[in-house]
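# A closer look at the structure
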Amino acid sequence: NAGVTQTPKFQVLKTGQSMTLQCAQDMNHEYMSWYRQDPGMGLRLIHYSVGAGITDQGEVPNGYNVSRSTTEDFPLRLLSAAPSQTSVYFCASSYRTGSSYNSPLHFGNGTRLTVT
Amino acid sequence: GENVEQHPSTLSVQEGDSAVIKCTYSDSASNYFPWYKQELGKGPQLIIDIRSNVGEKKDQRIAVTLNKTAKHFSLHITETQPEDSAVYFCAASRGNDMRFGAGTRLTVKP
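This is a predicted model, so every value here is computed, not measured. (Residues numbered from 1 in each chain as written. Chains lettered and ligands numbered in written order. Predicted model: local features only at pLDDT ≥ 70, side-chain atom pairs only at ≥ 80, totals over all residues. Heavy atoms only, no water.)

On to the overall build of chain A. Assigned secondary structure in chain A consists of 0 helices and 11 strands. Going from N to C terminus, chain A has its helices and strands arranged as β-β-β-β-β-β-β-β-β-β-β. For 116 residues, the compact-globule formula gives about 13 Å, and the C-alpha radius of gyration of chain A, at 13 Å, lands near that figure. Considering only C-alpha atoms, chain A reaches an extent of 40 × 25 × 25 Å along its principal axes. For chain A, buried positions account for 48% of its 116 residues. Counted over contacts in chain A with a minimum sequence separation of 6, partners at least 24 positions apart contribute 54%. By element, 49% of the accessible surface of chain A is carried by carbon and sulfur atoms, the whole surface being about 5,400 Å². (Helix = DSSP H or I, 4+ residues; strand = E, 2+ residues; numbered from the N terminus. Rg over C-alpha atoms; globule rule 2.2 N^0.38 Å. Buried < 20%, exposed > 50% of the residue type's maximum accessible area, 1.4 Å probe, protein only. Contact = heavy atoms within 4.5 Å. Areas by Shrake-Rupley, 256 points an atom, 1.4 Å probe, with all protein chains shown as cover.)

Below is the structure:
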């Protein structure tokens, strides 16, 4: 199993450009999420999905869109990139989440995005 | 929403010593508390987790304790080795929203 695969590993954008960060998992996990990691701020949740066709906002959703058309894929779209979106982005998946039970997150190796 | 604070932000220990990292959380309904280790250029990896119905859990040199009343939990690493050097994150969650602490950079000096 490859686990959680993120592409690309690195990306440089100009302000105003759009792009999609790809995330795929082969573990048949229901739950998928996107985090951004900035120095001194840990990991902040952008969007998450509890299954195909279902998405919801996390802590810092502005400027990002997501969709979940299949169990395996959860792309993150930057509509109009801004320098404040310079960060490392991590996709993560989990077998199950819910108010009564959580299973661990499995992370990809990240996409380092620079917006100039 | 949940707020997780983590201390210290950096920690340097001598090989063989113990390391302790502490976290506090704000939402008393949080019921799952994982710890992740992140090495350079990689995504975080789970090293140990604890659920709210358990007070302590051990896995070889790693242990986690949870005090629900005080809303804090701690990671203990004994007999540290240079390969333990990494950034460690605590997290707390209730349901679908997992919040992370800001991280602790642990350096183990040979």
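Summed over the entire model, instances satisfying the criterion amount to 12 aromatic pairs over all chains. Seen in terms of ring centroids, tyrosine 25 of chain B and phenylalanine 33 of chain B are 4.7 Å apart; in terms of plane orientation they differ by 45 degrees. Their pairing is tilted. Look at tryptophan 35 of chain B and phenylalanine 73 of chain B: their rings are 5.6 Å apart centre to centre, the planes differ by 65 degrees, and that puts the pair in the edge-to-face class. With tryptophan 35 of chain B in strand S4 (residues 32–38) and phenylalanine 73 of chain B in strand S8 (residues 72–77), the pair connects residues that are 38 residues apart, well separated along the chain. Residue tryptophan 35 of chain B is classed as buried on the basis of its relative accessible area of 0%. The rings of Tyr35, Phe90 and Phe107 of chain A together with Tyr36 and Phe100 of chain B are connected pair by pair, giving a single aromatic cluster. (Phe/Tyr/Trp six-rings, centres within 6.5 Å; stacked < 30°, edge-to-face > 60°.)

All right, on to the state of the cysteines then. On inspection of all chains with the given rule, the structure shows 2 disulfides over all chains. A sulfur-sulfur distance of 1.9 Å marks the disulfide that ties cysteine 23 of chain A to cysteine 91 of chain A. The disulfide joining cysteine 23 of chain A to cysteine 91 of chain A has a torsion of about -70 degrees about its S-S bond and is therefore left-handed. In this pair, cysteine 23 of chain A is assigned in strand S3 (residues 19–25) and cysteine 91 of chain A in strand S9 (residues 87–94), connecting sequence segments 68 residues apart. Summarising the burial analysis for this pair, cysteine 23 of chain A and cysteine 91 of chain A share the class buried. Two residues share a disulfide in this structure: cysteine 23 of chain B and cysteine 90 of chain B, whose sulfurs sit 1.9 Å from each other. Handedness here is read from the sign of the S-S torsion; for cysteine 23 of chain B and cysteine 90 of chain B, about -100 degrees, the answer is left-handed. Highlighted residues: cysteine 23 of chain B in strand S3 (residues 19–25) and cysteine 90 of chain B in strand S9 (residues 86–94), separated in sequence by 67 residues. The class for cysteine 23 of chain B is buried, based on a relative accessible area of 1%. (Disulfide = S-S within 2.5 Å.)

Let us look at the pattern of salt bridges. Residues and elements named next belong to chain B. Scanning all chains against the criterion turns up 7 salt bridges over all chains. Residues arginine 61 and aspartate 84 are paired through a salt bridge, measuring 2.9 Å at the closest nitrogen-oxygen approach. Within this pair, whereas arginine 61 is found in the loop between strand S6 (56–59) and strand S7 (62–67), its partner aspartate 84 is found in the loop between S8 and S9, the two being separated by 23 residues in sequence. The class for aspartate 84 is buried, based on a relative accessible area of 7%. (Salt bridge = Lys/Arg side-chain N within 4 Å of Asp/Glu carboxyl O.)

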